[in-house]
Amino acid sequence: MKGKSTWLMLSVSALIFAVGGYFWLSPKQTEAVKKAMPVLNLAVQPVQKEFHYFEIESQSLVQPTVISHLAVEVAGSVQQVSLREGDFVRAGEVLLEINPLVYQAKLAAAKANLAAKRLAFLEAKATHEAAIEEHKHSHEKATPLGLKLPHFELAQAQLHAAEKTLTNAKYELKATKVIAPFDGLIMKRAVDQSEFVEAGEVLFEFASLENAQVRLPVTQKELALLKIGHGTLVEPLQARLQWQNGSVVSTLPASVKKTLSAVSEDTQQTYLVIDIPTPYLFQQNDSVVSGVPFGQFVNATVRANEPYEVVKLPAKLLKRNQSVVTVAKNRLQITDVTVLHKDAETVFISDGLASEQWVSSVRVANPVPGTEVNLTNLAEVQSANAKSSRRQAL
């Protein structure tokens with residue numbers, strides 16, 4: 001057992017000495033070692049830079065742009081409520097009606113009170129005017145009380161108050177009906193027939209049919225690929241929406257005009273905002289047709305307005321340390337690169353590769369820099385370079 005351990009230690013020491021000796025070789029010795037290495041047969045491809053417009057994909061739900069929370073302005077028992085969640089409603093249509101008897105009585109009382117106050121005012125006015133005429137023939141000093149002015153002013157104030165009371169009674173009677181403020185869709189109903197509701201209680205969640213919105217979650221890296229910042233965009237981005245109902249696949253061209261940021265205690269999420277005009281349309285027979293219904297899950301593709309100059313390579317050629325295998329002067333090299341973006345199939349390199357370089361077309365398992373390379377597709381690469389040079393000259 002001891003002999004085996006000694007033999008293992010000697011083997012490891014010899015290996016370390018051999019590896020160390022390689023790195024301590026003189027330049028001439030190193031060159032000799034390289035010449036002794038076997039020639040690597042390798043297919044390559046020329047470095048070709050091109051302008052690429054990135055597209056990002058995201059998903060979200062179609063949501064109404066305007067949602068109103070409709071409340072009843074007077075208290076009472078619900079006399080009529082026939083519309084339910086999911087119903088489409090025209091502007092001006094009655095959504096709910098409170099029993100109006102109490103408010104009809106208040107209106108009648110307000111009218112009677114106004115008539116009484118108007119009569120009292122006319123009597124006070126006549127008495128005041130008569131006192132003024134009588135004082136014209138008297139040598140006594142006129143006083144407000146003598147001229148019946150306080151009585152007149154009180155009657156006048158009471159008349160104005162009665163007019164306001166009547167106006168309020170009319171308003172309350174009108175408020176027993178909850179009216180749709182615009183063409184919309186009932187998203188939520190929080191009341192049933194014969195229930196008692198308090199003034200100010202929210203009874204309906206009501207969505208406008210005029211516009212819809214899609215908020216697409218994106219990362220900061222995706223914003224960089226699109227070359228946009230936060231807020232309103234100077235130039236809208238072109239987008240395409242796609243969704244499926246059963247076996248029917250629908251598409252809709254759209255545009256992104258702004259971004260929004262939602263900040264919480266732990267995270268910040270950025271959204272691309274797409275506005276969809278008239279997602280629903282009323283027909284002449286009051287039926288409704290929909291382009292993109294609320295709540296529809298859609299896939300979106302958004303395209304950048306400005307390109308990046310990149311080198312595109314198969315993703316398999318990128319090594320873990322962000323480098324690729326290149327060939328220069330028939331010698332193998334490992335070149336560090338700056339990766340702008342990478343997906344399952346392609347890596348987009350923004351810096352690190354020059355036009356005179358060639359990139360290995362296949363993955364090299366254990367590349368050794370300096371290894372001599374035999375280009376198996378030299379004629380093909382030279383032809384590609386010649387075509388590229390002619391295109392650049394044009």
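In the block above lies the structure referred to throughout.
Residues numbered from 1 in each chain as written. Predicted model: local features only at pLDDT ≥ 70, side-chain atom pairs only at ≥ 80, totals over all residues. Heavy atoms only, no water.

1. Points about the nonpolar core
If you look at the biggest cluster of nonpolar residues, it comprises 30 residues, and the most contacted ones within it are Leu241, Leu272, Ile274 and Val302. If you list the elements that add at least two residues to this core, you get β4 (55-64), β13 (211-218), α5 (220-226), β14 (232-245), β15 (248-263), β16 (268-277), β17 (280-282) and β19 (297-303). The leading source of residues in this core is β14, at five residues. In this view, Val302 contacts Phe54, Glu55, Ile56, Leu216, Leu226, Leu237, Gln238, Ala239, Val256 and Leu272; residues no more than four positions away in its chain are not counted. By size, the runner-up hydrophobic cluster in this structure holds 20 residues, among which are Val81, Val89, Val197 and Leu203. (Core = buried A, V, L, I, M, F, W, Y, C linked by side-chain atoms within 4.5 Å. Buried < 20%, exposed > 50% of the residue type's maximum accessible area, 1.4 Å probe, protein only. Helix = DSSP H or I, 4+ residues; strand = E, 2+ residues; numbered from the N terminus. Contact = heavy atoms within 4.5 Å.)

2. Let's talk about the pattern of salt bridges
Opposite charge on two side chains lets them pair, provided their charged atoms get close. The tally for this structure, following the rule as stated, stands at five salt bridges. Among the ionic pairs, Arg303 bridges to Glu55, the shortest N-O distance being 4.0 Å. Of this pair, Arg303 sits in strand β19 while Glu55 is found in strand β4, placing the two residues 248 residues apart along the sequence. For Glu55, a relative accessible area of 46% corresponds to the partly exposed category. For Arg189, the salt bridge identified is with Asp192, shortest N-O distance 2.5 Å. (Salt bridge = Lys/Arg side-chain N within 4 Å of Asp/Glu carboxyl O.)

3. Side note on the pairing of strand β6 (residues 76-80)
Where β6 and strand β11 (residues 196-197) come together, two bridges link them in antiparallel fashion. Its bridge partner lying in β11, Ser77 is registered against Phe196. Two strands pair when backbone bridges link them, and β6 and strand β8 (residues 94-98) are joined in this way by two bridges, in the antiparallel orientation. Residue pairing across strands places Gln80 opposite Glu97, the latter belonging to β8. (Pairing = 2+ DSSP bridges.)

4. Digging into the packing of helix α3 (residues 101-136) against helix α4 (residues 149-174)
One can describe the packing of α3 onto α4 by two numbers: an axis separation of 8 Å at closest approach and a directional angle of 160°. Viewed along their axes, α3 and α4 adopt a mutual orientation that is roughly antiparallel. Crossing angle aside, the handedness with which α3 passes α4 is left-handed. Broken down by class, the residue content of the contact of α3 with α4 amounts to 15 nonpolar, seven polar and eight charged. (Axes fitted to C-alpha atoms, helices over the stretch in contact; angles between N-to-C directions. Parallel < 35°, antiparallel > 145°, perpendicular 65-115°, else oblique. Left-handed = near helix turned anticlockwise from the far one by under 90°. Nonpolar A, V, L, I, M, F, W, Y, C, P; charged D, E, K, R; others polar.)

5. Side note on the sheet that holds strand β24 (residues 346-351)
Adjacent strands of a sheet pair through backbone hydrogen bonds, lying either parallel or antiparallel. What the four strands build is an open sheet, ordered β3-β20-β24-β23; its pairing is antiparallel. Edge positions in the open sheet fall to β3 (49-52) and β23 (338-342), since each of these has one partner strand only. Going from strand to strand, the sheet's axes swing by 50° on average, the running direction of each strand aside.

6. Topic: unusual backbone geometry
Positive phi is not limited to glycine here, since Gln322 has a value of about 55°. Within the element layout of this structure, Gln322 appears in the loop between β20 (308-314) and β21 (323-328). Judged by its relative accessible area of 35%, Gln322 falls in the partly exposed class. Phi is positive for Asn330, close to 60°, though the residue is something other than glycine. Among the secondary structure elements, Asn330 is positioned in the loop between β21 and β22 (331-336). Under the relative-accessibility criterion, Asn330 is labelled partly exposed at 38%.

7. Observations concerning the packing of aromatic side chains
Per the counting criterion, the structure on display carries six aromatic pairs. Taking the centre distance of 5.6 Å and the plane angle of 35° together, the rings of Phe121 and Phe152 count as tilted. Residue Phe121 is located in helix α3, and its partner Phe152 is located in helix α4; the two are separated by 31 residues in the primary sequence. Exposure class is identical for Phe121 and Phe152. Each is buried. (Phe/Tyr/Trp six-rings, centres within 6.5 Å; stacked < 30°, edge-to-face > 60°.)

8. Some thoughts on the environment of Ile186
Counting through the fold element by element, Ile186 comes out in strand β10 (residues 184-189). The class for Ile186 is buried, based on a relative accessible area of 1%. In the structure, Ile186 is positioned 119 residues away from Ile67 in sequence and 9.7 Å away in space, judged by C-alpha atoms. Once residues within four sequence positions are removed from consideration, Ile186 is found in contact with Leu83, Arg84, Glu85, Gly86, Asp87, Val89, Leu95, Phe204, Glu205 and Phe206.

9. Notes on the pairing of β4
For β4 and β19, the ladder comprises seven bridges, and the chain directions are antiparallel. Paired with Glu57 across the strands is Thr301, a residue of β19. Both β4 and β13 contribute to a ladder of three bridges, which runs antiparallel. By the bridge assignment, Pro64 is partnered in β13 with Ala212.

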